[in-house]
Structure formats: C-alpha cells, structure tokens
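Tertiary structure, described
Here is what each chain is made of, one letter per residue.
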Amino acid sequence: MNRFKTSKYKNTTPKIPKKDGWIANVRGGSFTSQGNHIKSSCSLVAFNTDQAGGGIVGLSSLNPGPEGKWTVTQIPCHADQVTDLDFSPFDDYLLATCSADETVKVWRVCDAGQDQPGSAEVTLTPGDGRLEIVLFHPAASDLLAVASTKGVQVWDIKRDSALTVLEQHADQIQGLSWKEDGSLLASSCKDKKLRIFDPRAQPSAVQCTQGLLGNKDSRILWVKDDNLLTTGFNQVRQQEVRLWDSRKLSSSLRSVSLATSNATLMPLFDPDTGLLIVSGNGESVIDCFELTVTEPFLSQVSHCLTDTSTRGVALVPKLAVDVSSCEVLRVLQLTDNFIVPISYQVPRKAGQDFHADLYPDTAGHTPAMTADDWWKGENTQAERVGLDPNKRPKANTPSAKVPSKGLPRDKSKEEASTSSSPVSTPSSSSAAPSRSPSSTSGLSSGFLPSPSPSQSSRAIQNMLGPSSKFRHIQGSVLHRDTHITNLRGLHLTTPGECDGFCANGQRVAVPLAIAGGQIAVFELSRRGKLPDTALPTIQNTVNVADFCFDPFDPHKLVVAGDDAKIRVWQIPEGGLTETLTEPVLVLKGHTEKIYSIKFHPHASGLLASSSYDLTVRLWNLETGEEVKRLSGHQDQIFAMAWSPDGKLLATVCKDGKVRLYDPRKSGLPLQEGPGPEGQRGARVVWVCDGKYLLVSGFDSRSERQLYLYSAESLGSVATAPADVSPSTLIPFYDPDTSVLILTGKGDTRVYIFEIAPEAPYFMECSSYNSSEPHKGLCFLPKTECNVRGVEVARAIRLGKTTIEPLAFNVPRVRKEFFQDDVFPDTAVWWEASLTAAAWLSGSNGHHRKLNLQPKDMTPVSEAPKEAPVRKYLPSSVYLEEKTDEQKKEELLSAMVAKLGNREDPLPQESYEGVDDDEWDD
C-alpha cells in the first residue's frame, strides 16, 4: 500500500448512543482474569458479572426487543469465577466458558427472553488447575483451545480427552490467539516471551523470542497474513502496541506508545477493514488504529472518550453490522452497570446504495472442516460471504417474527446447511424456518425491506419502549403556611434500620438529641413557627432504636429502645400538653438491642420486632405478651415487611439472604434466597399485589441498587442501579398506582419508579430534588391527597428545622374531571379488619375499599370527547389533482396580478396636445 494513498477508513467516526440506547441491568465483573469479560455473536451478548462470586454469566440480546428494550438474564455456570467465554463462530447459540473451578463448559443457550438451560451440554476437565482462556477454532467446528495458568490444550468437544497438550510455559499465560486459518497458535507470557505453536506437529513451540519489555499483563492477536500484534508495556511503564512478522520474530516491525497507565490493554482486530480497537481495563478511552503490513503500519483513526470506565470490550461479528448506515465496526463496551454499543461509521451517504468498497467478503457461518479433518492436517479457511443486502438470502416471513417461548430458535441458512456440531439441538429444529444472519435484527442489519408508514410509527414507539403514565410526575412543597418551622435539637443520627421519624394523618413524631431518648410530637393542624421555649416530650429513658405509630390508632406510639424493651405510649387527644414519663405498656422478651418494629397490616395490636439476638418476635399489644418467635437468621436483620394480605413476613439480612416466614405455621423460614451482596443496609417492601419483593440495598461495590425478587421462588427478576451514597434508600410503595418512591436520610433527591409485573419491571419517572438535605419522607393516607389537583401521594418531609408537606402530582389537562385511571378505589389500610387473636387463630382479613371521587366530579373515562380542532387546511387542498387548463388559468391570473391590467390606457395617452396656431411665429 502506498503510504501517501488516502485510506477509505481514515475518517471512521465512533458514535456513542444516548443512555436509553445502552443495555441496562448489567453488573460488569470487577475481578481480574486474562479474558475480555464480554463476547458477542450475531444474536447474543455474554458477559461476566460479579454475582455469585463471578460464577454467573450474564446474557443479553444483541439488539433491542419489540418494545425497544434489551432482555438481560443470568445463567449459573460454574462454582467459581468465570475467567473467559467465547461464542462459536459457526453457531450464535453455542457458548463456551472456562472457570477457576478448573472446568470448561459448552452451553446451548437460548434467546435472552427464553428459559436458559439448567446444565451444560459438554463439560471438559483439563486437569491443569485454574483455567484462564477459552478460544474456538476459527475454521474447524467443535475445536477449542484452552489455556490454564501455564499450559495450553486443544480439545475436540466430542472427545473425553485433549487432542494435544502443549509444552508448559515458564510463567503465567496472558494471551492466546489462533491464526486466521487455524494452522498456528500464538501465546504471550509473563516471562516476556512470544511463542508460536503448531499443535499438530509438535507440543513444543516452533518459534520463541524475547518480545515484551514490561512485567505487566500483555495480550496477543494474529492480524493480517503472517503478522502478530501484541499489547503490553514498555520499560518506562507506558502502554504499548507492537506489530510483528511471525517469520522473523527477532524484532518488531513497529511500536506505538500510548498513555502512562496501569490498565491492561485489550485489543480487537477486524481483518476485513484492518481496523484495530484498543481499550484499557478501567479506563474511559477507546483508540482506533488502521493497521497495514507496510509503512506506516499503524496510523491512528480516532480517540474516543466514553462516559464510563471499561470493564471489557468485544467486537460484534461483521454479519451483524448495519451496512445501511455505513457501519464498519460495532464495539460493545462493558461497564459497571451497562453495555454501551459504540458504532464506528464511515461518513458516506447512508441508506441507499451499498458501498461495496467498505465491505469486502467476510467469514460466514459455515465451518471449513471438522475437528478430525483439521487434526489430520487439512488447512482451509472458512467460506467467505458478501454483505450486500441485495445478494444475501432473503428471510422467510415467519422468521421475522419473535419466536414464542419454548419454540426452537431460528438459525442461519449457512448454519443449518452444515450442522456438524455434536452438541444436541431440539428435534424440531429441522422444521424451524431458516433465517440469514442479516435478518437477526431489523435495527442493526439494514437488510430488511423498508417498512410501511404504520410499521415505522410502531417501530418508533417500540424503540422508545414502554412508558409510565406517571413519568412526568411532579413533586412540590406546599405553601409555607402549611409548614411547621423553628424545629431545634433534632436527633439526626438514628440507626440505619430506623426511618428517622414517623407520621400519620394527625401528627408527627421526631426524635430529639437530648439525653433520655426524648421524642417530640407535633400536631399537623398546628402550623407555623414553634416557640423558642421547651416543648413537652415523651421520655423513654434510653436511646431510641425505632418507633412508629399504630396504623389503626393515631394516638398510640410504639418505641423500641436500646435496652431491648418496647414501650407503648398513648398520645392525649389534641396532642402533648405535658411531658410523658410512664408508658401504658412495656414489652419484654428480647435479650439484646432491637433493630426495627412493624405493625401487622390487618390485625389490630399485632406487632413484629427484630433484634440483635437474631430473632423476630410477634407481640399482642392487647395482652402485652409475646405470641410467636421466628429464628433462622445468621447476622443482622436489616429490614422486614408484611405481605399485603398479612399472611407472610419477609426479612432481608446482612448474611446476604432474603427469607420468607409464615409465622402461624413455623418459626423457621419457608424459603430462602440470595439477597443484596452489600452489607451496608437494606429495606424490603412487597409490590405488584404481593407477587414480587423489592429490596433497596447495595451491591458488592457499595453502590445503591434496587432488586426485584419473585415472591414465589425468591429468584432475582431484575435490578436497577441508583447512585453512590452511604444511606439506604427507604422505599414507599403505593399499591393503587404501582408507584415506588425512594429517598435516603441526608439525601436531596427523591427517586420515583413505576413497577410493572413484567419487563422492563422498572419504569423510571421524573425525580424530585430539594435544595437542602432532608431527614426523610413519611407518607400519609390517600384521603389526604388533593384528587382535584391529581395528587397521587402526600408525604411529610422532615428538614433540619422544618416539617413540610410534599405533594406528588400527575400533570393532566382536563382537571375538571376525576382522573379515575390514576385513582382506583383505595384500600382503607388505616382501619383494622380483624383482631390479633383472630389472626393468630387462622383468620385472614381484607380492607374495605374507598372511592375517592368527589360527588361533583365526573370520571374522565365518562367525559365527552373533545372535537379535534384543525389548525391547518387539510392536505387534500394541496394534493388534489388539477387539469392543465386550471393550471394555465392560475398561471395567467398570477402574471396579470403581478404585471397589472394591460387594457388600461397608457399614461401618455392622457396628455393634451398643442393647438396648431400656437406653432405660428
């Protein structure tokens, strides 16, 4: 190549989509291994996660589903950390994983929305210690290269033993790569040597040279023809990229030094375009180079700064790129919480002609040979296919539909024609409609026919995804006249299991930073500035651990103290007028400090309490006795919550478990499931009519996360990241609207989600931000809401010196009507439906329903429809066909109007002449 010849890829530009175009619900693995942590086929993306100690692999669809969202699921693969993974180049659904548990497993995975296999199709045990790298052969089917700490083995997955075991390396193997035709295997090692093996000829290296300069991690790739590329570090600890000729390894052809950094460089190479992607693990920079076998060898194309740091990178196979937008590469960047698809596009006129010069033929899905053929000495590269959409196989109509659950997935025609894989497939796969790789997604392939206008509008709606009717919800503090101000001496460091304060429709209880565990009680009806003088309080004599109002008696306040006792206080009618020192009841039984207390949602006088003694106890306040004791926790109990029907009690514990109890049947948990990995605190609440448990907690990196678990199996359903903050998010769930409102003590932001019982589960709404940090929120009964203003929730916000009502309104246009779609009949949860004794004997209660519709308002569902007002002339006025005579008449009229009427006399014709006699002398 002439060094002065302009490259057609020199202006290739990386395009990072907006955040709604990222794959969410991802937890990128933060552990160290020699793999890239993420791989892609034409249909799926597999990636390492931190869950279950790294033994779980995450799986996502490559392209968004019908609703514009990605489906993400997890597959428990190994008993220890998954170190590397790879998709077969000939089967989009054949995934190999290797692990620190010393096994290699081959999985027949399904689309992300379907049930995944419970066990691997093939399990290999190389018996050489911890495994680091697994790599499919680029031309032969069923062939794997597996690298352990110091050794490399080549396996035919149909056999029970390795085809060959290569010579041990002197130190840790850091990189492994097949040549494009699969004849040779190259490795890089911590001993700074490059080795080239011919696995079929001899177990020892056919070439070995001292090639790397730094001691840190390196990677190696076969690139064009006989050339190798390594990434590592030079002697001054700079990141370095080197190009080598495998025929003479004595010195490199070219080297490029990048930044001074400790991050391991992960290289990706596209042999079709010669483009090289380099990204550092833990960095937010992705570089693109063009590689040639002659001068200048390496020339930089782009330097991309990403929004988040990289955990891993992968190239999407060329068969799945969008040729209609001149996309020549797509890189998947794995981050802590997202997978970011970065599209590299050549600036050309897109969407019309196929630019054949940008897309040489690429390797297809058809293997060139079997593992036996390769082992016998055959060398053949995989058949190459063109990317021109007009010359590719057309997709059958049935294959364009999303396959229903339980049906075999579609396979490409190339794959179906040469199915030589030994891994079993469903017996009905032969009857499945074939699908070319170009038809795996209409979003990325660009090979499907143009949709009709109605299809386009639906596609736009699907890309936007499902939206919540509460997405524009607005939080606002009510007028200052409704505030209680001049609060002084508040206790701002209550335990993490305590909400910080509590309220009901009549009063607010706030702990004070005064010795003796004193609590101030303020009547909401007495607004304004508090006097500077001392106020009457409740004196507990010990520090307050948790406290709450009885939901069925607004005058009863229950307080748990550090002395393992629970005190019940009776607030006089009209509020406190004098300091209370004697509770009406003291509950004794716990042997250590109490964590939290919760009233039963239906039975009056039934209270649950959790303690440092690792028990949960149920109390009957009518008799003052302990009636049940629940055990089975191994560590601190973070939170507990009653199910909506009051039958079950859920707890989340510091030992990383979520537990369900049926207190009337047994004192031991009915079932246990994995909970948040972080140990800083958690809260739990039942959502979606008791079908799911929502837990707000922390992940292993101490970042706040929301977790959704199935109440039936306690299996993880979905997660949603929040932010980084030390305080636990305290959730409030409104069963009428399925709106979840969360905030933490000391936060200024209030998060709002609508929780759906199916994907995407979490639908984020507008958040509320206050100007100053708050102690928290306590929500009031639905009857306190202003339904005329479409107020769906009313809370009390405790600031540093104020108590402020906070309203959450849904913006609506026709507020003169009752918005019955957001105000269904609400449960009167502030009235008991049975006694504690009745519930303990086996009875169950149900709250009565209350209609919130004012008598003088008509439901919006019954409101007359407004006639649409046309602002513009109908399109028919502009589009109606006119005859040639009409067009001529209109043109003539326009010319006459512009030039004037030619039949009028000319100005000079009105001038008067001179008489003849005036010409005489």
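Residues numbered from 1 in each chain as written. Predicted model: local features only at pLDDT ≥ 70, side-chain atom pairs only at ≥ 80, totals over all residues. Heavy atoms only, no water.

Another aspect to go through is the overall build of the protein. Scanning the protein from N- to C-terminus turns up six helices and 65 strands. Taken across its 921 residues, the protein has 53% of its residues classed as buried. In the protein, of all internal contacts separated by at least 6 residues, the share reaching a separation of at least 24 is 53%. (Helix = DSSP H or I, 4+ residues; strand = E, 2+ residues; numbered from the N terminus. Buried < 20%, exposed > 50% of the residue type's maximum accessible area, 1.4 Å probe, protein only. Contact = heavy atoms within 4.5 Å.)

It is worth spelling out unusual backbone geometry at this point. The omega torsion across alanine 759 and proline 760 is 10°, close enough to zero to call that bond cis. Along the chain, proline 760 falls in the loop between β57 (749-755) and β58 (762-764). Look at lysine 192: it is not a glycine, yet its phi comes out positive at around 75°. Relative to the elements of secondary structure, lysine 192 occurs in the loop between β15 (185-189) and β16 (193-197). For lysine 192, a relative accessible area of 23% corresponds to the partly exposed category.

A few words on the sheet that holds strand β53 (residues 704-710). In space, the four strands of this open sheet follow the order β51-β52-β53-β54, with antiparallel pairing throughout. Pairing within the sheet leaves two strands with one partner each, and these edge strands are β51 (683-687) and β54 (716-721). Put simply, the sheet's adjacent strands are angled 20° from each other on average, direction ignored. Relative to strand β52 (residues 692-698), β51 is paired through five bridges, and the arrangement is antiparallel. Among the inter-strand pairings, valine 687 is bridged to a residue of β52, identified as tyrosine 692. (Pairing = 2+ DSSP bridges. Axes fitted to C-alpha atoms, helices over the stretch in contact; angles between N-to-C directions.)

Moving on: the sheet that holds strand β24 (residues 285-291). Pairing is antiparallel in the open sheet, where four strands are placed in the order β22-β23-β24-β25. Both outer strands of the open sheet, β22 (265-270) and β25 (298-305), are each paired with one neighbouring strand and no more. The sheet shows a mean angle of 20° between the axes of neighbouring strands, taken without regard to direction. Here six bridges tie β22 to strand β23 (residues 275-280), and the two strands are oriented antiparallel to one another. Among the inter-strand pairings, aspartate 270 is bridged to a residue of β23, identified as leucine 275.

The residue leucine 305 is located in strand β25 in this model. Along the sequence, leucine 305 and isoleucine 16 sit 289 residues apart, while their C-alpha atoms lie 9.6 Å from each other. Residue contacts for leucine 305: discarding those within four places in its chain leaves Ile16, Ser284 and Val285.

A few words on the packing of aromatic side chains. Tallied over the full model, the rule gives 13 aromatic pairs. Where tryptophan 374 meets tryptophan 375, the ring centres are 6.1 Å apart and the plane angle is 35°; that geometry is what we call tilted. Owing to a relative accessible area of 33%, tryptophan 375 belongs among the partly exposed residues under this scheme. Ring geometry for tryptophan 829 versus tryptophan 830: centroids 5.4 Å apart, planes at 85°, classification edge-to-face. (Phe/Tyr/Trp six-rings, centres within 6.5 Å; stacked < 30°, edge-to-face > 60°.)

In this section: the environment of aspartate 821. By secondary structure assignment, the location of aspartate 821 is in the loop between β62 (803-809) and β63 (826-827). Setting aside residues no more than four positions away along its own chain, aspartate 821 makes contact with Lys469, Arg812 and Val860. Within polar-contact distance, the side chain of aspartate 821 engages the side chain of arginine 812 at 2.8 Å. (Polar contact = N/O pair within 3.5 Å; in protein donor to acceptor, adjacent residues only side chain to side chain.)

With that settled, the discussion passes to the nonpolar core. In this structure, Ile38, Ile277, Ile339, Tyr344 and Tyr359 are the most contacted members of the largest nonpolar core, which totals 42 residues. Where this core is concerned, the elements lending two or more residues are β3 (44-48), β22, β23, β24, β25, β26 (312-315), β27 (327-334) and β28 (339-345). If one sorts the elements of this core by residue count, β27 sits on top with five residues. Discounting residues that sit within four places of it in the chain, isoleucine 339 has contacts with Trp22, Ile23, Val26, Ile38, Val45, Phe47, Leu332, Gln333 and Leu334. (Core = buried A, V, L, I, M, F, W, Y, C linked by side-chain atoms within 4.5 Å.)

Here we take up the side chain of arginine 794. With respect to the helices and strands, the residue arginine 794 is situated in strand β61 (residues 791-798). Looking at arginine 794, the relative accessible area reads 15%, which means it is buried. Here the side chain of arginine 794 touches glutamate 784 through a polar contact of 3.4 Å, landing on its backbone oxygen. Filtering out sequence-adjacent residues up to four positions away, arginine 794 remains in contact with Leu478, Cys778, Phe779, Leu780, Glu784, Cys785, Asn786, Pro805, Leu806 and Ala807.

Okay, the confidence of the model for the protein next. For the protein, the mean per-residue pLDDT works out to 83, and 86% of the residues sit at or above 70. Contacts from residues 395-463, a stretch scored under 50 in pLDDT, to residues over four places away or in other chains number 109 contacts. (pLDDT = per-residue confidence, 0-100.)

If you walk through the whole model with that rule in mind, you get 36 salt bridges. The partner of aspartate 270 in a salt bridge is lysine 318, and the shortest N-O contact between them spans 2.9 Å. Here aspartate 270 is found in strand β22, whereas its partner lysine 318 is found in the loop between β26 and β27, with 48 residues between them in sequence. Across the pair lysine 593 and aspartate 562 runs a salt bridge whose closest N-O atoms are separated by 3.7 Å. Of this pair, lysine 593 sits in the loop between β41 (585-588) and β42 (594-599) while aspartate 562 sits in the loop between β39 (553-561) and β40 (565-570), placing them 31 residues apart in sequence. The exposure class of aspartate 562 is partly exposed, given its relative accessible area of 32%. Counted as one network, the salt bridges with shared partners bring together Glu180, Asp270, Asp272, Lys318 and Arg384. (Salt bridge = Lys/Arg side-chain N within 4 Å of Asp/Glu carboxyl O.)

With the rule as written, the count across this model stands at zero disulfides. No disulfide involves cysteine 288; its sulfur sits 9.8 Å from the nearest other cysteine sulfur, which is in cysteine 304. (Disulfide = S-S within 2.5 Å.)

The next thing to look at is the pairing of strand β7 (residues 91-99). Of all nine residues that make up β7, nine are buried, and the element is covered over most of its length. Two elements, strand β6 (residues 82-88) and β7, share six bridges in a ladder whose sense is antiparallel. Residue pairing across strands places serine 88 opposite aspartate 91, the latter belonging to β7. Hairpin connection between β6 and β7: a loop of two residues separates the two successive antiparallel strands. By the bridge criterion, five bridges tie β7 to strand β8 (residues 104-108) in an arrangement that is antiparallel.

Right, let's get into the environment of cysteine 110. Among the secondary structure elements, cysteine 110 is positioned in the loop between β8 and β9 (122-124). The buried category is assigned to cysteine 110, whose relative accessible area is 18%. Taking the C-alpha atoms as reference points, cysteine 110 and serine 43, separated by 67 residues in sequence, lie 9.9 Å from one another. The residues touching cysteine 110, leaving out its near neighbours within four places in the chain, are Leu44, Leu59, Tyr93, Asp115 and Gln116.

Before going further, it helps to spend a moment on the side chain of threonine 73. Relative to the elements of secondary structure, threonine 73 occurs in strand β5 (residues 72-76). Once residues lying within four places of it in the same chain are set aside, the contact partners of threonine 73 are Val57, Gly58, Leu59, Ala112 and Gln116.

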